[in-house]
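Analysis of the macromolecular model
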Amino acid sequence: MTERYYVTTAIFYANDRLHIGHCYESVIADALARYHRARGEDVFFLTGTDEHGIKVERRAAALRRDPQGWVDEIAGANQTLFAALGISHDDFIRTTQERHKQAVQRIFAQLRAQGDIYLDAYEGWYCPYEESFWTETKALPGHLCPECGRPLERTRETAYRFRLSKYQAQIEALLGQPDFLVPATRRNEALAFVRQGLEDIAVSRAGQPWGIPVDFDPGHTVYVWIDALTNYINALEGDRFGRFWPADLHIVGKDIARFHVVIWPALLLALGLPLPKQVYAHGWINLNGERISKSRGNVVDPWALIEQYGVDAVRYYLLREVGFGLDCNYTEDALVRRINTDLANDLGNLLSRTTQLINKFAGGQVPDPAGASDGVLQAVASEAVQGAEEALAQLRTGEALAEIWRIVERANKYVEEQAPWALAKDPGQSAKLGAVLYDLAEALRVTAAALSPFLVETPGRIYLQLGLDRAPAHWAETQWGGLQSGVSIQRGAPLFPRIEKVTKH
Ligand code: MSP
């Protein structure tokens, strides 16, 4: 049976355009989706926009825009950006879509009918920025938000509450599983939080018109977590639900991991649905040590980077530079260093040298290895591909790329060691020369196939220069020996021109 793979990103708040930190999350999810597709699995990759709530409403009001018009614009802009970034999502859910609204209302009514949601006169402290309620005991001294430190507002209202407390034991047991939430540091934090005791949470607001109405109680709208979290099942219309639920992986930032490992499983338990298999809480992309965010005004515009350096350079940087689950301080210098060192010097040069050598010493055609190969590059390539598979099974894209670069580095060294220009001078070495050139071209072909989940243009460009008139399509192409002798190579432009000068954005 074909394996299935369902991966999601968070749905992005439609209060503003996306910055490079959001793109990081999308690019990880995309690399994993492409990897599983390349393995022949039935993949569903979901992303979308979170369009309700006070932040979005306030933003639209500040711009004198009607909220729907504003979120339409943002959802469109996000999709255009994702296309430019090569994001291969299968669906894009918007929380203002009818399919989502109706499903949320159904879920809300079911939870109410079975007693998991109850109406309560609620008094507490509200953070308009985080859109969360806090009890007196959870608020920080001076009534500041425990999440973001901003001043809380005293609220007194009637709200529906979800019986989160009822699921305490099950959530604790879930977090006891080693792989449900990775990395482990996040799991320990979440467990410590849950062990303090879960309190029921407000799931509706009164007098907040920009939201999904509670259809059986006008004046209330569903807010935040039931609206946002259920996107993951609401997008699975028709036979997709049976095919793809439970999700294999929710990829989210560490700031919202807690909602995904506490509230979301509790809602699913209440609905009698299976739980997602794994949540990956990635770190943040920071700028000058601070999390990038519009409210801090320190935004790196992904469009500018894509235009200046190309989509693959941006993807490579994000997938390679940021450690698994760790924060990463974005600098343009580090991006340029990755381009110049890894992409231009290592990979680009290897392709340029190899095609040049084949032109010069083999008449532009991939030679026959004729049993004369020493097997060095084949061994490195198969170990590296296996290493990349193991790294990807653990969601470690940086380590997977480092494995793939072992092929590139070894092949560059191999050129020096074998000195094809010297072999060419000795007619007795012609079989050896053919094998060396074949192995270099084949090492590049395997590299291109292995890069195909990560980069969107480069693998096809490498294949083309090696005389293959298509992009790599299947992970099985990472196996050694795919290149046919006699194929005419097509030497082309350098893959990644060196960046000489850094211009600051
Ligand atoms: N709408 C909620 C998520 C609901 S999911 C059911 C939300 N939206 S968000 O736009 O603020 O963030 C979306 C995702 O982007 C989150 O996973 C968040 O962690 C991630 N990031 C936001 N800023 C980021 C960085 N600077 N760096 C890395 N990830 C970042 O939260």
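Up top you'll find the structure we're talking about.
So, here's what we can say about the structure. Each chain has its residues counted from 1, following the order in which its sequence is written. At least 70 in pLDDT is required for a residue's local features to be given in this predicted model, at least 80 for side-chain atom pairs to be given and counted, and no such filter applies to totals for whole chains, interfaces and linings, which use all residues. As a rule here, side-chain values come from all non-hydrogen atoms in the structure, and water together with hydrogens is ignored.

**What to know about the pairing of strand S2 (residues 42-50)**
Here is the key point about a regular strand: its side chains alternate between the two faces of the sheet. How we decide: Under the scheme applied here, a residue whose accessible area is under 20% of the maximum for its type counts as buried, over 50% as exposed, and between as partly exposed, the area being computed with a 1.4 Å probe on protein chains only. Numbering of helices and strands runs from the N terminus; a helix is a DSSP stretch of H or I covering at least four residues, while a strand is a stretch of E covering at least two. By convention, orient the strands away from the viewer: a clockwise path from the first strand over the helix to the second makes the crossover right-handed. In this scheme, strands are said to pair when DSSP sees at least two bridges between them.
S2 sits mainly inside the fold: nine of its nine residues count as buried. Once you follow strand S1 (residues 4-13) into helix H1 (residues 20-38) and on to S2, the crossover reads as right-handed. Of the pairings in the sheet, the one linking S2 to strand S3 (residues 91-94) comprises four bridges and is parallel in character. Note on S3: the bridge partner recorded for Thr47 is Phe92.

**Thoughts on the packing of aromatic side chains**
Centre-to-centre distance and the angle between the planes together describe a pair of aromatic rings. Note the cut-off: Pairing of aromatic side chains requires ring centres within 6.5 Å, counting the rings of Phe and Tyr and the six-membered ring of Trp. Pairs whose planes differ by under 30 degrees are stacked, by over 60 edge-to-face, and all others tilted.
All chains considered together, the criterion is met by 18 aromatic pairs. Taking 5.2 Å as the distance between ring centres and 25° as the angle between the ring planes, the aromatic pair formed by Phe44 and Phe244 counts as stacked. Here the residue Phe44 occupies a position in strand S2, and Phe244 occupies one in helix H9 (residues 240-244), the gap between them amounting to 200 residues. By the burial criterion, Phe44 is buried, and Phe244 matches it. In textbook terms, an aromatic cluster arises when at least three aromatic residues are bridged by ring pairs, as seen for Tyr6, Phe44, Tyr232, Phe241, Phe244, Trp245 and Trp264.

**Things to note about the pattern of salt bridges**
In plain terms, the rule: We define a salt bridge as a contact between a side-chain nitrogen of Lys or Arg and a carboxyl oxygen of Asp or Glu at a distance within 4 Å.
What the rule picks out here adds up to 36 salt bridges. Residue Asp30 is joined to Arg315 by a salt bridge in which the shortest nitrogen-to-oxygen separation is 2.6 Å. With Asp30 in helix H1 and Arg315 in helix H12 (residues 311-321), the pair connects residues that are 285 residues apart, well separated along the chain. Residue Asp30 shares its accessibility class with Arg315, and that shared class is buried. Arg320 is the partner of Asp342 in a salt bridge, and the nearest nitrogen-oxygen pair spans 3.4 Å.

**Re the packing of helix H17 (residues 430-451) against helix H18 (residues 458-465)**
Helix packing for two helices is described by the angle between their axes and how far apart those axes are. Rule in force here: Geometry is summarised by axes, namely lines fitted to C-alpha atoms with helices restricted to the contacting stretch, and by angles between N-to-C directions that run from 0 to 180 degrees. To sort the angles, those under 35 degrees are grouped as roughly parallel, those over 145 as roughly antiparallel, those from 65 to 115 as roughly perpendicular, and the leftovers as oblique. Crossing handedness is read from the near helix: turned anticlockwise from the far helix by less than a right angle, it gives a left-handed crossing, and turned clockwise, a right-handed one. Should any heavy atoms of two residues lie within 4.5 Å, those residues are counted as being in contact. Side-chain classes follow a simple rule in which Ala, Val, Leu, Ile, Met, Phe, Trp, Tyr, Cys and Pro form the nonpolar group, Asp, Glu, Lys and Arg form the charged group, and the remainder, Gly included, forms the polar group.
Packing of H17 against H18 brings their axes to within 8 Å, and their N-to-C directions diverge by 155°. One finds that H17 runs roughly antiparallel with respect to H18. Classified by chirality, the crossing of H18 by H17 is left-handed. From H17, Leu444, Arg445, Ala448, Ala449 and Leu451 reach across to H18, where they touch Pro459, Ile462 and Tyr463. Partitioning the contact of H17 with H18 into residue classes produces seven nonpolar, no polar and one charged.

That's the geometry; what it means functionally is another story.
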